[in-house]
Amino acid sequence: MPPIIEVEGLVVAFPKPGGGMRAVLDGVTLAVEAGEAMGLVGESGCGKSLTALATVRLLPQTARVVGGSVRLGGEDVLGAEEKRLCELRGGVVGFVFQEPSRALNPVRSVGSQVTEAARLHLGVRGAAATALAGRLLAEVGLDEPDRVAHAYPHQLSGGERQRVLLASALAAGPRVLIADEPTSALDTVSQQRLVELIRRLRESRGLTLLFVSHDLALVGRLVERVTVLYAGETVEVAGRDALFADPRHPYTQALLQARLESGDAPGLFPTVPGAVPRAGEWGTGCRFAPRCPHAWERCRGARPALAPAGDGRTVRCFLASDEEEPGG
Ligand SMILES: Nc1ncnc2c1ncn2[C@@H]1O[C@H](COP(=O)(O)OP(=O)(O)O)[C@@H](O)[C@H]1O
Ligand code: SF4
Ligand SMILES: [Mg+2]
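Quick caveat, the model's predicted, so the values are computed rather than measured. (Residues numbered from 1 in each chain as written. Chains lettered and ligands numbered in written order. Predicted model: local features only at pLDDT ≥ 70, side-chain atom pairs only at ≥ 80, totals over all residues.)

Draft legend 1. A look at the overall build of the protein chain. If you tally the helices and strands in the protein chain, you get 12 helices and 12 strands. The C-alpha radius of gyration computed for the protein chain amounts to 20 Å, which stays within 12% of the reference 20 Å derived for 328 residues, consistent with globular compactness. Summarising its shape, the C-alpha atoms of the protein chain cover approximately 65 × 45 × 45 Å along the three principal directions. When the 328 residues of the protein chain are sorted by exposure, 43% land in the buried category. In the protein chain, the proportion of contacts linking residues at least 24 apart, taken out of those at least 6 apart, comes to 61%. (Helix = DSSP H or I, 4+ residues; strand = E, 2+ residues; numbered from the N terminus. Rg over C-alpha atoms; globule rule 2.2 N^0.38 Å. Buried ≥ 20, exposed ≤ 12 C-beta atoms within 10 Å, placed from the backbone. Contact = placed C-beta atoms within 7 Å.)

Draft legend 2. Examining the site of ligand 2 more closely. Pro-250, Cys-286, Phe-288, Ala-289, Cys-292, His-294, Ala-295, Cys-299, Pro-304, Cys-317, Phe-318 and Leu-319 make up every residue found near ligand 2. Here the residues of the shell around ligand 2 are counted per class, giving 11 nonpolar, one polar and no charged. (Near = placed C-beta within 6 Å. Nonpolar A, V, L, I, M, F, W, Y, C, P; charged D, E, K, R; others polar.)

Draft legend 3. Geometry of the nonpolar core. Counting residues in each nonpolar core, the largest one holds 88 residues, and the members touching the most others are Leu-136, Leu-137, Ala-167 and Leu-210. Ranked by residues supplied to this core, first place goes to helix α7 (residues 158-170) with six residues. The residues contacting Leu-136, other than those within four sequence positions of it, are Val-114, Ala-167, Leu-170 and Ala-171. (Core = buried A, V, L, I, M, F, W, Y, C linked by C-beta atoms within 7 Å.)

Draft legend 4. Just the pairing of strand β4 (residues 64-72), in detail. Taken together, the seven bridges between strand β1 (residues 5-15) and β4 define a ladder with antiparallel strand orientation. By the bridge assignment, Glu-8 is partnered in β4 with Ser-69. With two bridges connecting them, β4 and strand β5 (residues 75-76) associate as antiparallel partners. When the bridges of β5 are listed, Leu-72 appears paired with Glu-75. (Pairing = 2+ DSSP bridges.)

Draft legend 5. Geometry of the sheet that holds β5. Reading across the sheet, the four strands line up as β2-β1-β4-β5 and stay open at both edges, with antiparallel pairing between neighbours. Either end of the sheet is taken by a strand with one partner, and the two such strands are β2 (21-32) and β5.

Draft legend 6. The site of ligand 1, seen in detail. Not every one of the 13 residues close to ligand 1 is listed here, only the nearest: Val-24, Gly-45, Lys-48, Ser-49 and Leu-50. Looking at the shell around ligand 1 residue by residue, the class counts come to six nonpolar, six polar and one charged.

Draft legend 7. How the structure looks around the pairing of strand β6 (residues 93-96). Residues Val-93 and Phe-95 point to one face of β6 and Gly-94 and Val-96 to the other, with burial holding for every one of them. Two strands pair when backbone bridges link them, and β6 and strand β7 (residues 176-180) are joined in this way by four bridges, in the parallel orientation. For Val-93, the partnering residue across the bridge sits in β7 and is Val-176.

Draft legend 8. Structural context of the confidence of the model for the protein chain. Here the protein chain shows a mean pLDDT of 92. Residues at 70 or above account for 95%. This model gives residues 323-328 a pLDDT under 50, and the stretch forms 11 contacts once residues within four places in sequence are excluded. (pLDDT = per-residue confidence, 0-100.)

Draft legend 9. Inspection of the sheet that holds strand β8 (residues 208-213) at higher detail. Within the open sheet, the eight strands sit side by side as β6-β7-β8-β3-β9-β10-β12-β11. Their pairing is mixed. Each of the sheet's edge strands pairs with one partner strand only, and the pair in question is β6 and β11 (307-308). Strand direction decides the pairing type here: strand β3 (residues 37-41) and strand β9 (residues 225-230), joined by four bridges, are parallel. Across the sheet, the residue bridging to Leu-40 is Thr-227, located in β9.

Draft legend 10. Geometry of the packing of α7 against helix α8 (residues 188-205). Closest axis-to-axis distance for the α7/α8 pair is 10 Å, and the angle between their directions is 20°. Taken together, α7 and α8 sit at an angle that is classed as roughly parallel. Between α7 and α8 lies a crossing of right-handed hand. Touching Gly-158, Gly-159, Gln-162, Arg-163 and Leu-170 of α7 are Ser-190, Arg-193, Leu-194, Leu-197 and Leu-201, all from α8. Of the residues contributing to the contact of α7 with α8, the split by class is four nonpolar, four polar and two charged. (Axes fitted to C-alpha atoms, helices over the stretch in contact; angles between N-to-C directions. Parallel < 35°, antiparallel > 145°, perpendicular 65-115°, else oblique. Left-handed = near helix turned anticlockwise from the far one by under 90°.)

Draft legend 11. Seen up close, α7. Over its 13 residues, α7 runs 19 Å from end to end, which matches the ideal 18 Å to within 8%, given 1.5 Å per residue. The element α7 is extensively covered by neighbouring structure, given that 11 of its 13 residues are classed as buried. When α7 is considered as a whole, its buried residues turn out to be Gly-159, Glu-160, Gln-162, Arg-163, Val-164, Leu-165, Leu-166, Ala-167, Ser-168, Ala-169 and Leu-170. (Expected span 1.5 Å × (residues − 1).)

Here you go:
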C-alpha cells in the first residue's frame, strides 16, 4: 500500500513584490503511512502550514507549485479535478487549520458549522444533522452538547472552540486528520487535554494523524514518527524514540537542546540561537550552515541531499550521509 499522504520534493513559490517568483518550500518530503501518527515540526516560518495545506491543494491563491508531487492514497492531488478535491477535503482528510480566517464563523451557531462537512459530503440535513451535531460535540468531550450547539463561537472558551473545530473536521468521517498547531493559543492545561482528546479520537476512529507543531515535546506525546522541516525543506525523518534519543541533524539537536533548556512545559517557546533565513534567501550550501556548530567548508558550497541514515531514518546533512544532491 502506498503511504496515505505522500509529498515528494515539493517546491512552492510566491510572486515577489518586484516581479519574479520566490520559492518558500524547496525540498519538502513527507510520507505518512495509513494508521500512523506523524509529527511535522520546525520553527515558525519553516513551511509547516504550507506543507499541510498542500496535501489537499489548499495553498494560498498566489502560491504556485513549481516542482515535486503530492499524493493521497496514491492519487495525484496536484492534477486532480476540483470536484475530486472537494471530496478529498473533509471527506477523506479532516483539517484543523492554523489561520483564524479559516476558523469558526462568528455569526453562525456552532451546531450548523459542526455539521457543514456532513451536509456537503454525506447529504445530512434537518433532524439528522441536529442529532449528528450533538453526537460529535459529545465525542469531543463537550459536557453540554445541546448548549454548545446553540451557542455562537464568542460564547465559548478557547479550549471549547478548538474542540468544536475538531468536531467539524471529523463530521464527514475522514480517514485522516491534519491538525495545524491546534493547541498554540491554549493555556497549558487546555493543551494537555486537547492532546489527550486527539489521542483518544485517533484510537476510537482509527485515524491517520498529521500533527503540526513548533513544539517538539508536545508532538512527542502524540506521534510515532516525526518529520523535521527547516527553511522550506525536510531535514530529518525518524521514529519518535530514535529522534529524541539520538537526533542526527544538527537542527533537530538544537531544537531538542532548546527544549531541555526551557524545561518540559509545553507551550514555552524554546529558542535556537540565530534565526531562520528569510524564505527563498538560502544561498547554495546547507541552509542550516549559518547556525550550525559543525559547519565546515563543504557545507557552505553544496547542498546536502535527504538520504537514508540507517534504522529507517533519513537525514539531510553531510555528517550523517555521504551523498550529495546532483548539481548542488
Ligand atoms: N501567502 C503568502 N505569501 C507569501 N509568502 C508566504 C505566504 N504564506 C507563507 N509564506 C512564506 O512561506 C514561509 C513558510 O510559511 P508557513 O508554511 O506558514 O510556515 P510555518 O507554518 O512553519 O510557520 C513563510 O516564512 C513565508 O515567508
Ligand atoms: S550539512 Fe554541514 S552545516 Fe548543514 S547541518 Fe550538516 S554539518 Fe551542519
Ligand atoms: Mg504554521
